[in-house]
Amino acid sequence: MSGGGGGDGTFDWTPGLDLPLRCGGPLSANRAEWIPTRYENQKRRDWNSFIQYLKNHRPPLSLHLCSGAHVLEFLRYLDQFGKTKVHTHLCPFYGHPSPPAPCPCPLRQAWGSLDSLIGRLRAAFEENGGKPDQNPFGARAVRLYLKEVRDSQSKARGTSYEKKRRPKNINSDKNKLGLVN
């Protein structure tokens, strides 16, 4: 979802739809403008892509009429540009993390990419004047869809998305007790 445009599934940057740079990176040399962070740039590109998607929608949609269903439609549209192989139930490699041979299973957007995208769009919506309780990116249907994608991709690869716990740092406990110099 980077800017640029062309046949690769990206949209051209659209002037006038920029996100306000309320936060960002360090000040530039003239100290009057912010240098946006990589996250801010990506958020702006994602926001512009979503706005462009709404404009190209038939019939065209305005942002205030956008719902969680339209967000799901956008996520499904993005699947065609995915690069993650997701094995189907009928594939002999279903459930194998490292398949030994190629297969005709579809390429999809990875769950982590979709999750990050929704987080950026959720923030962008509110930065552009949207009310948190009306944010279509935080809709229950979107959260359920992301959970479904995560679970299905996890099963297809034979891996788990369970959060990993950090090992307890023994030195920090010793520091608290005053046992480490």
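Refer to the structure presented above.
The following refers to the structure shown. (Residues numbered from 1 in each chain as written. Predicted model: local features only at pLDDT ≥ 70, side-chain atom pairs only at ≥ 80, totals over all residues. Heavy atoms only, no water.)

### As for the overall build of the chain
Under the convention used in this document: Helix numbering and strand numbering both begin at the N terminus, where a helix is a DSSP run of H or I of at least 4 residues and a strand a DSSP run of E of at least 2. Contacts were defined at the residue level, with two residues in contact if any of their heavy atoms lie within 4.5 Å.
A tally of helices and strands in the chain yields five helices and two strands. By sequence separation, contacts in the chain at least 24 residues apart represent 59% of the contacts at least 6 residues apart.

### Some thoughts on the layout of surface pockets
Rules: Buriedness for pockets is judged along seven lines, at least five of which must meet protein on both sides within 12 Å for an open set on the 1 Å grid over protein atoms alone, while cavities are sets there where a 1.4 Å probe fits but cannot get out, and lining residues have an atom within 4 Å of a point. Grid points are joined across faces, edges and corners, and a volume is the space filled by probe spheres set on the points. All amino acids are sorted into three groups, where Ala, Val, Leu, Ile, Met, Phe, Trp, Tyr, Cys and Pro are nonpolar, Asp, Glu, Lys and Arg are charged, and the leftover types, Gly among them, are polar.
The calculated volume of the second largest pocket comes to roughly 310 Å³. Split by residue class, the lining of the second largest pocket holds six nonpolar, six polar and five charged.

### Thoughts on the nonpolar core
Basically, it comes down to this: By nonpolar core we mean a set of buried residues, namely Ala, Val, Leu, Ile, Met, Phe, Trp, Tyr and Cys, connected to one another through side-chain atoms within 4.5 Å. Only protein chains enter the accessibility calculation, which uses a 1.4 Å probe; a residue is then buried when its area is under 20% of its type maximum, exposed when over 50%, and partly exposed in between.
Residues F50, V71, L75 and F137 are the most contacted members of the largest nonpolar core, which totals 24 residues. Looking at this core, the elements with two or more residues in it are α1 (38-56), α2 (68-78), α3 (111-127) and α4 (140-157). Among all residues touching L75, those that are not within four sequence positions of it are L114, L117, I118 and Y145.

### Side note on the pattern of salt bridges
A side chain with one charge can pair with a side chain of the opposite charge if their charged atoms come near. Threshold: Any carboxyl oxygen of Asp or Glu that lies within 4 Å of a side-chain nitrogen of Lys or Arg is treated as forming a salt bridge with it.
A complete count under the given rule lists five salt bridges for this structure. The residue K43 makes a salt bridge to E40 at a minimum N-O spacing of 3.4 Å. With K43 and E40 both in helix α1 and three residues apart, this pair spans about one turn of that helix. Overall, E40 belongs to the buried group, its relative accessible area being 4%. R120 is the salt-bridge partner of D46, the closest N and O atoms lying 2.4 Å from each other.

### Quick look at the packing of aromatic side chains
The geometry of an aromatic ring pair is captured by the separation of the ring centres together with the interplanar angle, meaning the angle of the planes. The line we're drawing: Here the aromatic set is Phe, Tyr and Trp, taking the six-membered ring for Trp, and pairing holds for ring centres within 6.5 Å; pairs whose planes are under 30 degrees apart are stacked, those over 60 apart are edge-to-face, and all others are tilted. Note on geometry: a ring has a charge over it if NZ (lysine) or CZ (arginine) is within 6 Å of the ring centre and within 35 degrees of the ring normal.
The full count for this structure, using the stated rule, is seven aromatic pairs. With a centroid separation of 5.4 Å and 80° between ring planes, the pair formed by Y77 and F81 is classed as edge-to-face. Through a chain of ring-to-ring contacts, the aromatic side chains of F50, Y53, F74, Y77, F81, F125 and F137 assemble into a single cluster. Sitting above the plane of the W111 ring, R150 keeps its charged end 5.9 Å from the centroid.

### Topic: α3
Heads up, the condition is: In a helix, the anticipated span is given by 1.5 Å times the number of residues less one.
The end-to-end C-alpha distance of α3, which contains 17 residues, comes to 24 Å, matching closely the 24 Å that a straight helix rising 1.5 Å per residue would cover. Buried positions along α3 lie against α1, α2 and α4.

### Section: unusual backbone geometry
Here R58 and P59 are connected by a cis peptide whose omega angle stands at -10°. Relative to the assigned elements, P59 resides in the loop between α1 and α2.

### Focus: the packing of α2 against α4
Convention followed: Convention adopted: a line fitted to C-alpha atoms gives each axis, helices being fitted over their contacting stretch, and angles between N-to-C directions are expressed from 0 to 180 degrees. Should an angle fall under 35 degrees it is taken as roughly parallel, and over 145 as roughly antiparallel, whereas 65 to 115 is taken as roughly perpendicular and any remaining angle as oblique.
Where α2 meets α4, the closest approach of the two axes is 8 Å, and the angle between their N-to-C directions is 30°. Our classification of the angle between α2 and α4 gives roughly parallel. Residue-level inspection shows G68, V71, L72, L75 and R76 of α2 in contact with α4, the latter providing A141, V142 and Y145. A breakdown of the residues in the contact of α2 with α4 according to their chemical character gives six nonpolar, one polar and one charged.

### Digging into α4
Spelled out, the test is: Arc, as used here, means the arc of the directions from the helix axis to the C-beta atoms.
When the terminal C-alpha atoms of α4 are compared, their 26 Å separation across 18 residues agrees well with the 26 Å that a helix rising 1.5 Å per residue should span. Turning to α4, its buried residues are V142, Y145, L146, V149, Q153, S154 and A156. End-on, the buried residues of α4 take up no more than an arc of 165°, which puts them together on one face. Away from its buried face by more than 90 degrees, α4 exposes R140, E148 and K155. Packing partners of the buried residues in α4 comprise α2, β2 (107-108) and α3. Note on α4: the residue one or two positions beyond its end, G158, has a positive phi of about 75°.

### Quick look at the environment of L54
One can find L54 in helix α1. With relative accessibility at 2%, the residue L54 sits in the buried group. Spatially, the C-alpha atom of L54 lies 9.8 Å from that of V71, the residues being 17 residues apart in sequence. Dropping the residues within four chain positions of it, L54 is found in contact with P60, L61, L63 and C66.

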